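Examining the three-dimensional arrangement
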Amino acid sequence: MTRFRKLGVAVVTAALAAGTLAACGGDGDSGDGGDAKTLKLWHYESANSAMGIAWDRAIQIFKDEHPGVEVQFERKAFEQIQQNAGMIINSSEGPDIMEYNKGNATAGLLSSQGLLTDLTAETEKRGWDKKLSPSLQTTARYSDKGVMGEGNWYGVPNYGEYVMVYYNKDLFAQNNIAVPTTYDEFTKAMDAFVAKGVTPLAEAGAEYPAGQLFYQLALAKADRKFVDDYQLYKNPVDFKAEPLKSGAQTFADWVAKGYVAKTSASLKAEDMGTAFISGKAPMIVSGSWWYGRFKNEIKFNWDSFLFPGNKFHAGSSGNLWVVPAGSKAKGLAYDFIDITLRPEIQALIGNNGGVPVAADASQITDPKNQKLIENFNTISQQDGLAFYPDWPVPGYYDVLVSGFQSLINGSKTPDQVLDAIAKPYGEGVKEITGK
């Protein structure tokens, strides 16, 4: 789950301060098997999510195959890990393996500070690299500067994710509005809802959803060169040119047209999700991490479609299993990662509304789940995964949240927002690359 999320200042500060301490737990000790009798495992997936269900089963398999080993599992809050990751990893109370967000500003940053175990040898030994497509490997590998896409393996994903449009089929039918298949039909459908006094898109300006909507709108006019320039620093990015210019302007236009409520500036992702679950919102633009929960909680007819007209979509591998450098049970951690990539666990992810990376398609039985995976495969096959807008530099999450809250409530123009998000981006890239 995902995704475009907060990397607090505490992570950056703690990681920088702790870099010299990371050597305290190299590959020795119980790192490659040893005699460890406890595995401390942390993740932040809800119990009824696809990943939560699958990983509960993986824990049980691990216990069955490791008699005498105690699994100390703790479910943590996403923000708790994000804001304190550096301190957590260097603490004797920290986990041996944990779920962590992928990208330059998160796993990349900590890997560059020596806080994560290099998993390259284990990946090749166990064949994890053979189970993950090149596009999914991007977020698992980081350079010595913490830039994703090349270098050593510092994490292993076992699911994928992407942003789509969820819609309430009953509301569309009740209002006699056709489900869109093109961008023009999409805006016409939203115009029709507005004409009936209904805000078509539930939104959340206080957390990641608004930034993801902006990115989807920008990606409508993007190519792979832009994605590589923005995410991987291949070339300088002009924030006053396409596609970012049109992304910000279209976002502002959508607010002005009533597609997005100005009151959503203060709402969080949970508010947006529950608005859709309650049947009040015709649509939301968000990620596949909601899919399993929607299947469990929604009582009306609903479905999803890819953002109309886009070749590129916010998305990537899912979050990573990382092994802190100080882990005293690395061999056990590797065994657990291996279990999560087995066909049984991959099928559980797929059959509970997740996007498995190495599943046997014949084992996915639910039509909704099949469509979720088919759409992800469509994006992957056309090289359409564009990652997330906050990934390029540390601390960028807060910058984007502030910027698009201002655009929703009308306190800043699109040009002013672009100026506000351009400067921290440029400063962050310069700090990372030295250019």
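Residues numbered from 1 in each chain as written. Predicted model: local features only at pLDDT ≥ 70, side-chain atom pairs only at ≥ 80, totals over all residues. Heavy atoms only, no water.

**Quick notes on unusual backbone geometry**
The residue after glutamate 242, namely proline 243, is reached through a cis peptide bond having omega 5°. With respect to the helices, strands and loops of the structure, proline 243 is situated in the loop between helix H11 (224-232) and helix H12 (244-256). For tyrosine 233, which is not glycine, the phi dihedral falls at a positive 65°. Using a relative accessible area of 14% as the deciding quantity, one classes tyrosine 233 as buried. (Helix = DSSP H or I, 4+ residues; strand = E, 2+ residues; numbered from the N terminus. Buried < 20%, exposed > 50% of the residue type's maximum accessible area, 1.4 Å probe, protein only.)

**As for the packing of aromatic side chains**
Per the counting criterion, the structure on display carries 35 aromatic pairs. Summarising the aromatic geometry, the rings of tyrosine 166 and phenylalanine 276 are spaced 6.4 Å apart at their centres and angled 50° between planes, so their arrangement reads as tilted. Linking tyrosine 166 in strand E6 (residues 159-168) with phenylalanine 276 in helix H13 (residues 269-277), this pair joins segments that are 110 residues apart in sequence. Judged by relative accessible area, tyrosine 166 falls into the buried class, the value being 0%. Their ring planes at 85° and their centres at 5.7 Å tell us that phenylalanine 276 and phenylalanine 300 sit as a pair that is edge-to-face. Residue phenylalanine 276 is located in helix H13, and its partner phenylalanine 300 is located in the loop between helix H14 (291-297) and strand E8 (302-305); the two are separated by 24 residues in the primary sequence. (Phe/Tyr/Trp six-rings, centres within 6.5 Å; stacked < 30°, edge-to-face > 60°.)

**Overview of the pairing of strand E7 (residues 283-287)**
Taken across its five residues, E7 has five buried, putting it largely inside the fold. With five bridges connecting them, E6 and E7 associate as antiparallel partners. Note on E7: the bridge partner recorded for methionine 164 is serine 286. (Pairing = 2+ DSSP bridges.)

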